[in-house]
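# Descriptive analysis of the structure
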Amino acid sequence: MSRAAERLKLLINHLDRPPAVITAAPTSVQTSTYNHPQRLRYTFDTDLLTPEQRLSYEENGFILIKNLVSEEDIDRFRKEFEKICRQEVKVPGLVVMRDLVIAKSEFVADQKAISKLQDFQEDPELFRYCSLPQILQYVECFTGPNIMAMHTMLINKPPDAGKKTSRHPMHQDLHYFPFRPADRIVCAWTAMEKVHRQNGCLVVLPGTHTSTLQEHDYPDWEGGVNKMYHGVRNYDPQHPRVHLEMEKGDTVFFHPLLIHGSGMNQTQGFRKAISCHYASADCYYIDVMGTTQENIEKEVKDIALKKYDMDSEITFKDTWAFRGRLVQGERTSL
Ligand SMILES: CC(C)CC(=O)SCCNC(=O)CCNC(=O)[C@H](O)C(C)(C)COP(=O)(O)OP(=O)(O)OC[C@H]1O[C@@H](n2cnc3c(N)ncnc32)[C@H](O)[C@@H]1OP(=O)(O)O
Ligand SMILES: Nc1ncnc2c1ncn2[C@@H]1O[C@H](COP(=O)(O)OP(=O)(O)OP(=O)(O)O)[C@@H](O)[C@H]1O
Ligand SMILES: O=C(O)CCC(=O)C(=O)O
Ligand SMILES: [Fe+2]
Ligand SMILES: [Mg+2]
């Protein structure tokens with residue numbers, strides 16, 4: 001047994017909790033390439049994570065790696081974002097979101113009006129983020145070797161206009177995804193500048209990744225809620241929270257069932273982050289009919305019908321299969 005494996009065994013024996021339940025998955029999804037002790041359900045041993053880091057992800061559902069993306073790379077992403085805002089480049093399939101307050105006002109939209117870009121997989125410069133080797137090395141610990149980049153975002157959280165619409169309600173990202181298993185999906189989220197409580201850093205509820213997918217809906221907020229910003233319906237404000245304050249280049253990897261959100265941006269600056277949701281290419285699509293995800297499926301379909309100008313045959317699954325891009329290994333299923 002290697003030193004790391006020995007250390008891991010020791011640490012596991014000191015945990016005062018029952019072993020995690022291993023959920024059954026189709027055999028195609030079980031990855032036997034790595035050392036995968038039965039008690040560790042969420043991570044693989046690729047010789048990258050220390051035993052402590054693995055156990056921390058197993059218990060908390062997230063892991064923060066400091067200084068993972070270089071200043072140069074982040075400055076390049078920022079420049080590309082600004083070009084997109086100035087409409088100097090046109091990116092097929094890109095979704096440009098404006099904050100509710102701006103979208104519904106007379107305010108003449110300039111580049112500062114953009115609160116989020118989604119689906120930048122056709123922009124080579126931004127998509128470079130999703131293929132950074134140091135990110136993929138970590139991603140592999142959660143997904144295994146065949147890796148798809150399924151969902152991309154650059155979030156430009158605006159200064160709050162006074163209605164608290166810059167908040168992102170507490171949610172589980174899995175609500176948006178019609179593929180499984182959840183444990184083979186991970187989000188990488190990199191701070192493009194210092195993020196802290198004042199400008200609306202991520203807020204996570206540690207350990208909630210061990211729960212199931214909850215019902216989501218629009219929270220009942222006085223100032224309104226941005227399109228598709230669903231929140232966990234019975235959000236418990238008493239659950240212990242962690243505010244993830246991060247420096248430029250720091251990256252958090254988190255499980256798609258981890259309940260998280262972000263607070264109001266109370267500064268005058270735009271808080272920027274870039275992120276990608278990865279999944280094992282061995283994952284499989286599910287039909288969400290009759291599940292709690294039916295409400296989001298309907299909203300996505302309505303928007304996709306307009307965006308792609310296609311007939312009503314488009315499925316929730318199709319909207320994901322179009323956008324997914326292989327970044328490592330083989331495109332086996334998704
Ligand atoms: C894990 C991950 C997926 C979690 C998340 O990211 S949760 C958030 C997911 N968000 C999304 O997928 C993006 C959703 N947004 C979009 O697709 C777009 O921004 C749209 C809402 C369709 C707006 O597109 P756009 O090209 O700006 O179209 P229009 O200017 O013609 O606006 C169409 C109608 O939408 C309204 N609108 C635009 N932005 C927002 C907003 N932020 N909140 C609420 N309503 C909004 C706009 O006022 C207009 O409404 P009407 O004038 O038709 O009543
Ligand atoms: N009723 C609610 N339902 C769902 N999510 C909520 C609700 N109220 C607050 N949140 C979420 O809780 C998180 C923290 O929000 P908020 O900015 O209010 O507090 P904070 O940043 O933790 O504390 P403070 O602003 O006092 O420093 C955000 O993700 C926010 O969207
Ligand atoms: O950057 C943020 O505010 C978090 C966004 C988020 O959690 C999401 O879009 O799923
Ligand atoms: Fe999220
Ligand atoms: Mg706050």
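It should be emphasised that the depicted structure is a prediction, and the values quoted were computed from it without experimental measurement. (Residues numbered from 1 in each chain as written. Chains lettered and ligands numbered in written order. Predicted model: local features only at pLDDT ≥ 70, side-chain atom pairs only at ≥ 80, totals over all residues. Heavy atoms only, no water.)

A separate point is the site of ligand 3. Surrounding ligand 3, one finds Lys116, Met153, Ile155, Lys157, His168, His171, Asp173, Trp189, Leu202, His260, Ser262 and Arg271. Lys116 has a polar side-chain atom sitting 2.9 Å from an oxygen atom of ligand 3. One nitrogen or oxygen atom from the side chain of His171 is found 3.1 Å from an oxygen atom belonging to ligand 3. In the complex, 94% of the free accessible area of ligand 3, which totals 300 Å², lies under the protein chains. For ligand 3, the cavity whose grid points lie within 2 Å of the majority of its atoms is the largest pocket. Counting residues per element, the shell around ligand 3 draws most heavily on strand β4 (residues 147–157), at 3 residues. A class-by-class count of the residues in the shell around ligand 3 yields 4 nonpolar, 4 polar and 4 charged. (Near = heavy atom within 4 Å. Polar contact = N/O pair within 3.5 Å; in protein donor to acceptor, adjacent residues only side chain to side chain. Areas by Shrake-Rupley, 256 points an atom, 1.4 Å probe, with all protein chains shown as cover. 1 Å grid on protein atoms, 1.4 Å probe; cavity = no way out; pocket = protein on both sides within 12 Å on 5 of 7 lines; lining within 4 Å. Sits in = over half its atoms within 2 Å of the grid points. Helix = DSSP H or I, 4+ residues; strand = E, 2+ residues; numbered from the N terminus. Nonpolar A, V, L, I, M, F, W, Y, C, P; charged D, E, K, R; others polar.)

Our next topic: the coordination of the iron ion (ligand 4). Looking at the iron ion (ligand 4), the protein donor atoms are His171 (NE2), Asp173 (OD) and His260 (NE2), and they sit 2.1 to 2.2 Å from it. In the primary structure, the donors to the iron ion (ligand 4) are separated according to the pattern H-x1-D-x86-H. Taken together, the residues span a long stretch of sequence, with Asp173 in the loop between β5 (168–171) and β6 (179–180) and His260 in strand β13 (residues 260–262) at a distance of 87 residues. Owing to a relative accessible area of 5%, His260 belongs among the buried residues under this scheme. (Donors = N, O, S within 2.8 Å, 3.2 Å for Na, K, Ca; no water. Buried < 20%, exposed > 50% of the residue type's maximum accessible area, 1.4 Å probe, protein only.)

Turning our attention to the pattern of salt bridges. Tallied over the full model, the rule gives 15 salt bridges. A salt bridge links Asp250 to Lys66; the shortest N-O distance between them is 2.7 Å. Residue Asp250 is located in the loop between β11 (242–244) and β12 (251–254), and its partner Lys66 is located in the loop between β1 (62–65) and α3 (71–85); the two are separated by 184 residues in the primary sequence. Residue classification places Asp250 among the buried positions, given a relative accessible area of 2%. Shared partners join several salt bridges into a network, and the residues in it are Asp73, Arg76, Glu125 and Arg128. (Salt bridge = Lys/Arg side-chain N within 4 Å of Asp/Glu carboxyl O.)

Quick look at the site of ligand 1 now. The immediate surroundings of ligand 1 are formed by 22 residues, with Arg98, Lys116, Gln118, Asn226 and Lys227 found nearest. Measuring from an oxygen atom of ligand 1, one finds a side-chain N or O atom of Lys116 at 2.8 Å. Within the backbone of Lys227, one N or O atom sits 2.9 Å away from a nitrogen atom of ligand 1. Protein burial of ligand 1: of its 1100 Å² of free accessible surface, 65% is covered by the chains.

It is characteristic of soluble globular proteins that their nonpolar side chains tend to be buried jointly. Of all hydrophobic cores here, the largest spans 39 residues; its most connected members are Tyr129, Ile135, Phe253 and Tyr278. Of all the elements in the fold, those that place two or more residues in this core are β1, α3, β3 (114–118), α5 (124–131), α6 (133–143), β4, β7 (185–191) and β14 (271–280). A total of 6 residues in this core trace back to one element, the largest contributor, which is α6. Contact partners of Tyr129, with chain neighbours within four places excluded, come to Val69, Phe77, Ile135, Ala188, Trp189, Thr190, Thr251, Ile274, Ser275, Cys276 and Tyr278. Ranked by size, the runner-up nonpolar core spans 19 residues in total, among them Met148, Ala279, Ile296 and Trp320. (Core = buried A, V, L, I, M, F, W, Y, C linked by side-chain atoms within 4.5 Å. Contact = heavy atoms within 4.5 Å.)

The next subject is the packing of aromatic side chains. Taken as a whole, this structure holds 8 aromatic pairs when the rule is applied. Residues Tyr57 and Phe142 carry aromatic rings whose centres are separated by 4.3 Å and whose planes lie at 35° to one another, so their mutual orientation is tilted. Taken together, the residues Tyr57 in helix α2 (residues 51–60) and Phe142 in helix α6 connect sequence positions 85 residues apart. A relative accessible area of 1% means that Phe142 is categorised as buried. (Phe/Tyr/Trp six-rings, centres within 6.5 Å; stacked < 30°, edge-to-face > 60°.)

Here we come to α3. For α3, built from 15 residues, the straight-helix expectation of 21 Å at 1.5 Å per residue is met to within 8% by its first-to-last C-alpha distance of 21 Å. Every buried residue of α3 is accounted for by Asp73, Ile74, Phe77, Glu80, Phe81, Ile84 and Cys85. Buried residues along α3 cover an arc of 145° about the axis, so they all sit on one side. Opposite its buried face, α3 presents the exposed residues Glu72 and Lys79, each directed more than 90 degrees away. Buried residues belonging to α3 abut β3, α5, β4, β7 and β14. (Expected span 1.5 Å × (residues − 1). Arc of directions from axis to C-beta.)

In this chain, Arg180 is followed by Pro181 through a cis amide linkage whose omega measures 0°. Locating Pro181 in the fold gives a position in the loop between β6 and β7. You will see that Asp119, though not glycine, has its phi angle at about 65°, which is positive. Within the chain, Met228 stands out as a residue other than glycine whose phi angle is a positive 70°.

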